[in-house]
Amino acid sequence: HWVDVIMLGILSEIENVGLYTASIRTSEFILLIIWVFYPIFTPLSAKLIKERNFESLKRYFHKIVILSLFLSLPLLYTFVLKGDLILKILFGAEFEVMKKVLVIMGFSNLLMAIQSPFVSILLMSGEQKTWAKFNFISLIINIILNFTLIKLFNTLGAAIATSISFVFLTFSSFYLFGKKKFFNLDFKVIILFFLLQIFV
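Here we summarise the structure given alongside this text.

Each value, and the rule that gives it
Residue indices begin from 1 for each chain and proceed along its sequence in written order. Residues qualify for local features only when their pLDDT is at least 70, as the model is predicted, and side-chain atom pairs are given and counted only at 80 or more; totals for whole chains, interfaces and linings, by contrast, use all residues. Just so you know, side-chain values use all the structure's heavy atoms and leave hydrogens and water out. All axes here are fitted lines through C-alpha atoms, helices being fitted over the stretch that makes contact, and every angle between N-to-C directions spans 0 to 180 degrees. Only DSSP runs of H or I with at least four residues qualify as helices, and only runs of E with at least two residues qualify as strands; both kinds are numbered from the N terminus onward. For classification purposes, an angle smaller than 35 degrees is called roughly parallel, one larger than 145 roughly antiparallel, one from 65 to 115 roughly perpendicular, and anything else oblique. Note on contacts: a residue pair is in contact if any heavy atoms of the two residues lie within 4.5 Å. Gly is placed with the polar residues, together with every amino acid not listed as nonpolar (Ala, Val, Leu, Ile, Met, Phe, Trp, Tyr, Cys and Pro) or charged (Asp, Glu, Lys and Arg). Put simply, the grid is 1 Å and covers the protein atoms alone, a cavity is a trapped set of points that fit a 1.4 Å probe, a pocket is an open set with protein on both sides within 12 Å along at least five of seven lines, and lining residues have an atom within 4 Å of a point. Grid points are joined across faces, edges and corners, and a volume is the space filled by probe spheres set on the points. Here a Phe, Tyr or Trp ring, Trp counted by its six-membered ring, pairs with any other such ring whose centre lies within 6.5 Å, and the pair is stacked when the planes are under 30 degrees apart, edge-to-face when over 60, and tilted otherwise. Buried, partly exposed and exposed residues are distinguished by accessible area as a fraction of the type maximum, computed with a 1.4 Å probe on protein chains only: under 20%, between the cut-offs, and over 50%, respectively.

## Thoughts on the packing of helix 3 (residues 32-50) against helix 4 (residues 54-91)
Relative orientation of the contacting elements helix 3 and helix 4 amounts to 175°, with a least axis distance of 10 Å. When the axis of helix 3 is compared with that of helix 4, the two are roughly antiparallel. For the pair formed by helix 3 and helix 4, the contact residues are I33, F37, F41, L44, S45, L48 and I49 on the first element and F54, S56, L57, Y60, F61, I64, L67, S68, L71 and S72 on the second. Of the residues that constitute the contact of helix 3 with helix 4, the class distribution is 13 nonpolar, four polar and no charged.

## Let's talk about the layout of surface pockets
Considered as a void within the structure, the largest pocket measures approximately 400 Å³ in volume. As for the largest pocket, its lining consists of 21 residues, and the residues nearest its centre are M112, Q115, N135, F166 and L169. The residue makeup of the lining of the largest pocket, split by class, is twelve nonpolar, nine polar and no charged.

## Describing the packing of aromatic side chains
What the rule picks out here adds up to seven aromatic pairs. Taking the centre distance of 5.4 Å and the plane angle of 20° together, the rings of F61 and F177 count as stacked. Of this pair, F61 sits in helix 4 while F177 sits in helix 7 (residues 155-180), and the two are 116 residues apart along the sequence. Taken individually, F61 and F177 each receive the classification buried, so the pair is uniform in this respect. Relative to F174, the ring of F171 lies with its centre 5.5 Å away and its plane at 75°, an arrangement referred to as edge-to-face. With F171 and F174 both in helix 7, this residue pair falls three residues apart, about one helical turn. Overall, the relative accessible area of 24% leaves F174 in the partly exposed class.

This is how it looks when you write it as structure tokens:
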């Protein structure tokens, strides 16, 4: 996000920096889910990996992913339905125009909430350097896309650039996690829960 702010300041009007910052910080309420579960799951995953107790790790993993979705999706619904009103109440009427940015970043932060247990297991199983490399690649992607998209779409372009870099990180965590072969994930359970939350 600091990349977005710097590049918006360079490539766009300075007042857009304030509008953008308010909307992305509001979208980060979804990240509270990560801040609640991450400190709990990380040491637990380290312990279970050390003990090679992968069945228990799998059970806790599924619980964390489902809880993250359960708590994140209602916030995302609120952003989609009433994002302009939320921004107006929090910051003033001029911030209503940032609803699209709020929604895009809300979806991005939902991805970050989903990826957090994957990253916990990666970091607790000796993949710190590899994950750092993927984060650096994500940063480069963000900078390149910001330079292009801010010129075309202003604040919306910055949000899209950051979202794409988040998507890259999320699927990178899935890929690296799959290579570990600790256990076979039951993605059907997670996808079914996700669809039920969206459509029911």
